[in-house]
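Listed below are the residues making up each chain.
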Amino acid sequence: MSDLIGQLIAKLVAALGEDTVLVGGDVTSRSAGWGLTEPNAAAAVVRPRTTDQVATTLRLCHEASQTVCVQGGMTGLVHGNVARAGEIALSLERMNKIEEIDELGRTMTVQAGVPLQTIQEKAYEVGLMFPLDLGARGSCQIGGNVATNAGGNRVIRYGMTRDLVLGLEAVLADGTVISSMFKMVKNNSGYDLKQLFIGSEGTLGIVTRVVLRLVRQPRSHNIALVSIASFDKVTGFLRAAQDRLGADLSAFEVMWDDFYWLVTSPPAKSLPPLPHGSPFYVLVEALGAHQEEDGERFERVLGACLEEELIEDAVLGRSRAERDKLWEIRDDVEQMGRMGPIFTYDIGLAIGDMEAYVAEVRGRIGQRWPDARIVVFGHLGDGNLHVVVGVGDGSREARRAVEAIVYGALESRGGTVSAEHGIGFEKRPYLKLTRSDAELALMRTLKQALDPRGILNPGRVLEPA
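Draft legend 1. Geometry of the sheet that holds strand β5 (residues 98-102). Pairing in this open sheet of five strands is antiparallel, and the strands run β5-β6-β10-β8-β9 from one edge to the other. The sheet is open, and its two edges are formed by β5 and β9 (177-180), each paired on a single side. Across the sheet, the axes of successive neighbouring strands diverge by a mean angle of 10 degrees, strand direction being ignored. Judged from the four bridges that link them, β5 and strand β6 (residues 107-111) form a sheet pairing that is antiparallel. When the sheet's bridge partners are listed, D102 is paired in β6 with T107. Each of β5, β6 and β10 (206-213) touches helix α4 (residues 116-125); the most contacted strand, β6, lies at about 145 degrees to it.

Written out as structure tokens, the structure reads:
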């Protein structure tokens, strides 16, 4: 550790208290990031309890031109939260209070370190729902969800995280606090400053508090797993579900057969509710207001789709336990570890291009690595697929070769290299495939204006200045 960093850490301890600043073994024993086994490399970890302490931390780091890595629940998949040697990590884990629930206005005001699942449960207790949902709900924090504009399982109905944020508070690189804690849906009073920070991955400011938009808790919940014989019929079933279920359609999760087999075969915890052997499986969910009426309509829609041969077979989740078991199949991404070293991708493209895209990626990877394993699944209803590739080689060289195929097949189709996970370090070299030179230049202008010394999450999203 350099003398300058040591002096800065001493200032942080003096200003914030010894229990707020971790060093030495208290740092290296902490997680370095999802899927990583090496020790945390940060020079220190600062764990503030208040916005004022975040502001003090950034003011001192700004004065010293000290780089800062922002950390939340450590569930990110693009390593944007992985601290490099010499960086100060700023963890929001102790800013974990729910400050207010406004039942009439249907809002919840929370600190950035509150886990997503806690927010969901607290909303449920008062008859409301926070609709953002993803597999890491028990560990991820709302500040990280906001900073990465998380998507998840119900985007088709409720939108991304940015659609669920009414106001927020953020701290700029120099310690300036920007408080835009509005509770109104309609607010056209000048620039919508919160949008600067939503999805910026901690590179423009650190989100410390958020006003979330809640919705009425559904009175009906219907879900089914169906098997489908072709991709054309998958898209036909999607159209039928959209037309016949209308606004109640809340999730449309597609699993290619390779993914379904992996998560319903031993040692996976789930048994197959539908037989293996179909090319596609779809988890379809509808949330509504009247269980009896909505349940009858849901079953009529499935019955009609069976008669029209859009779907081959279906199993309904009638109880909460049965619904949870169906979702467990889709969420059991831990089974990917059975494939050996893997590379995971979160891409977006037009639904009509998906079949050809997957075929091209499979073909090109199979030509180079005949024994490769590829599984595909995702939120097809909102244009998002997850592609997991195992070629028996976890080296950086193999990863770059696979990325050239996975991302190269997107460029001509106008797709995106990141649909919901962000850019971080992992996707930064490929951002130019998705964004134009003019867009990248504007991003750099914003970064320079808000963080002129480049201390916030440097090297994430954009190339260092």
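Structure shown, so let's carry the discussion forward.
Draft legend 2. Quick look at the side chain of R460. With respect to the element layout, R460 can be found in the segment after α14 (437-450). Since its relative accessible area comes to 2%, R460 is described here as buried. Setting aside chain neighbours within four positions, we find R460 in contact with C69, G80, V82, A83, R84, E87, T203, G424 and F425.

Draft legend 3. Region of the structure containing the pairing of strand β8 (residues 165-171). Counting buried residues along β8, seven of its seven residues qualify, which places the element largely inside the surrounding structure. Sheet topology places β8 next to β10; six bridges connect them, and they run antiparallel. For V165, the partnering residue across the bridge sits in β10 and is L212. Where β8 lies against β9, four bridges are found, and the strand directions are antiparallel. When the bridges of β9 are listed, A170 appears paired with I178.

Draft legend 4. Focus on the pattern of salt bridges. Evaluated as defined, the whole model comprises 28 salt bridges. Linking D19 and R94 is a salt bridge whose minimum nitrogen-to-oxygen distance equals 3.6 Å. Of this pair, D19 sits in the loop between α1 (3-16) and β1 (21-22) while R94 sits in the loop between β4 (88-91) and β5, and the two are 75 residues apart along the sequence. Taking the relative accessible area as the measure of exposure, R94 reaches 10% and is therefore buried. Between E93 and R47 there is a salt bridge, with its nearest N and O atoms 3.5 Å apart. Placement of the pair is E93 in the loop between β4 and β5 and R47 in the loop between β2 (44-46) and α3 (51-63), with a sequence separation of 46 residues.

Draft legend 5. Up close: helix α8 (residues 231-245). Compared with the 21 Å implied by 1.5 Å per residue over 15 residues, the 21 Å span of α8 between its first and last C-alpha is a close match. Where α8 is buried, its residues meet α6 (155-158), β12 (220-228), β13 (249-256), β14 (280-288), α10 (291-307) and α12 (354-368). Immediately downstream of α8, the backbone of G246 shows phi near 60 degrees, a positive value.

Draft legend 6. Looking closely at the packing of α12 against helix α13 (residues 396-411). Viewed as axis vectors pointing N to C, α12 and α13 meet at an angle of 155 degrees, and their least axial separation amounts to 9 Å. Viewed along their axes, α12 and α13 adopt a mutual orientation that is roughly antiparallel. Relative to α13, α12 is oriented so that their crossing is right-handed. Residue-level contacts link Y357, E360, V361, R364, I365 and R368 of α12 to A401, V402, I405, V406, A409 and L410 of α13.

Draft legend 7. Region of the structure containing the packing of α8 against α10. Remark: α8 packs on α10, axes separated minimally by 11 Å, with the N-to-C direction vectors making an angle of 145 degrees. Taken as a pair, α8 and α10 cross one another with a handedness that is right-handed. In contact with F237, A240, R244 and L245 of α8, α10 contributes R297, F298, V301, L302, A304 and C305. Taken together, the residues of the contact of α8 with α10 sort by class into eight nonpolar, no polar and two charged.

Draft legend 8. Broad picture of the pairing of β10. Taking burial as the measure, the eight residues of β10 include seven buried ones, the bulk of the element. As paired elements, β6 and β10 share five bridges and run antiparallel to each other. In the strand pairing of β10, T109 is matched with V211.

Draft legend 9. Focus on α4. Within the sequence span of α4, burial applies to L116, I119, Q120 and A123. Summarising the axial view, the buried residues of α4 lie within an arc of 100 degrees, below the 170-degree limit, and thus occupy one face. As for α4, its buried residues are in contact with β6, β7 (128-129), α5 (142-148) and β10. G127, located one to two residues past α4, shows a positive phi value of around 80 degrees.

Draft legend 10. A look at the side chain of E403. Considering the arrangement of structural elements, one finds E403 in helix α13. Apart from the residues lying within four places of it in its own chain, the contact partners of E403 are Y345, G408, E426 and Y430.

Draft legend 11. Region of interest: the sheet that holds β4. Taken together, four strands build an open sheet; the order of strands is β1-β2-β4-β3 and the sheet is mixed. Both edges of this open sheet fall to β1 and β3 (68-71), since each of them pairs with a single strand only.

Draft legend 12. Expanded view of unusual backbone geometry. Omega for the peptide link from P266 to P267 comes to 10 degrees, which places this bond in the cis form. Along the polypeptide, P267 turns up in the loop between α9 (257-263) and β14. With a phi angle near 55 degrees, E201 is a residue other than glycine that sits in the positive phi range. Within the element layout of this structure, E201 appears in the loop between α7 (194-197) and β10. Of the residues examined, E201 reaches a relative accessible area of 11% and is grouped as buried. Look at E309: it is not a glycine, yet its phi comes out positive at around 60 degrees. For E309, the location among the structural elements is in the loop between α10 and β15 (313-317). With a relative accessible area of 52%, E309 lands in the exposed category.

Draft legend 13. The packing of aromatic side chains, seen in detail. Applying the stated criterion across every chain, the model contains eight aromatic pairs. Between the aromatic rings of Y345 and Y407, the centroid separation amounts to 5.5 Å while the plane-to-plane angle is 90 degrees, which identifies the pairing as edge-to-face. Placement of the pair is Y345 in strand β16 (residues 343-348) and Y407 in helix α13, with a sequence separation of 62 residues. Judged on exposure class, the residue Y345 and its partner Y407 are both buried. Relative to Y430, the ring of Y407 lies with its centre 4.7 Å away and its plane at 50 degrees, an arrangement referred to as tilted. With a gap of 23 residues between them, Y407 in helix α13 and Y430 in the loop between α13 and α14 connect regions that are remote in the sequence. Overall, Y407 belongs to the buried group, its relative accessible area being 1%. Here a set of aromatic residues connected by ring pairs shows up, and it is made of F231, W256 and F280.

The rules we used
- The residue numbers shown here count from 1 along each chain, following its written sequence.
- Local features in this predicted model are restricted to residues of pLDDT 70 or higher, and side-chain atom pairs are both shown and tallied only at a pLDDT of 80 or more, whereas totals for entire chains, interfaces and linings draw on every residue.
- As a rule here, side-chain values cover all heavy atoms of the structure and leave hydrogens and water aside.
- When DSSP finds two or more bridges between two strands, those strands count as paired.
- A helix here means a DSSP run of H or I that spans at least four residues, while a strand means a run of E at least two residues long, and both kinds are numbered starting from the N terminus.
- Geometry is summarised by axes, namely lines fitted to C-alpha atoms with helices restricted to the contacting stretch, and by angles between N-to-C directions that run from 0 to 180 degrees.
- Throughout, a contact is declared for two residues whenever any of their heavy atoms are within 4.5 Å.
- The classification of residues rests on relative accessible area computed with a 1.4 Å probe and restricted to protein chains. Under 20% of the type maximum is buried, over 50% is exposed, and intermediate values are partly exposed.
- The salt bridge definition used is simple: a Lys or Arg side-chain nitrogen within 4 Å of an Asp or Glu carboxyl oxygen.
- In a helix, the anticipated span is given by 1.5 Å times the number of residues less one.
- With respect to orientation, any angle under 35 degrees is reported as roughly parallel, any angle over 145 as roughly antiparallel, any angle of 65 to 115 as roughly perpendicular, and every other angle as oblique.
- A crossing counts as left-handed when the near helix is turned anticlockwise from the far one by less than a right angle, and as right-handed when that turn is clockwise.
- In the scheme used here, Gly and all other residues not listed as nonpolar or charged are polar, with Ala, Val, Leu, Ile, Met, Phe, Trp, Tyr, Cys and Pro taken as nonpolar and Asp, Glu, Lys and Arg as charged.
- This arc is taken over the directions from the axis of the helix to the C-beta atoms.
- Stacked, edge-to-face and tilted labels apply to pairs of Phe, Tyr and Trp rings (six-membered ring for Trp) whose centres lie within 6.5 Å, assigned for plane angles under 30 degrees, over 60, and everything in between, in that order.

None of this, on its own, says anything about what the molecule does.
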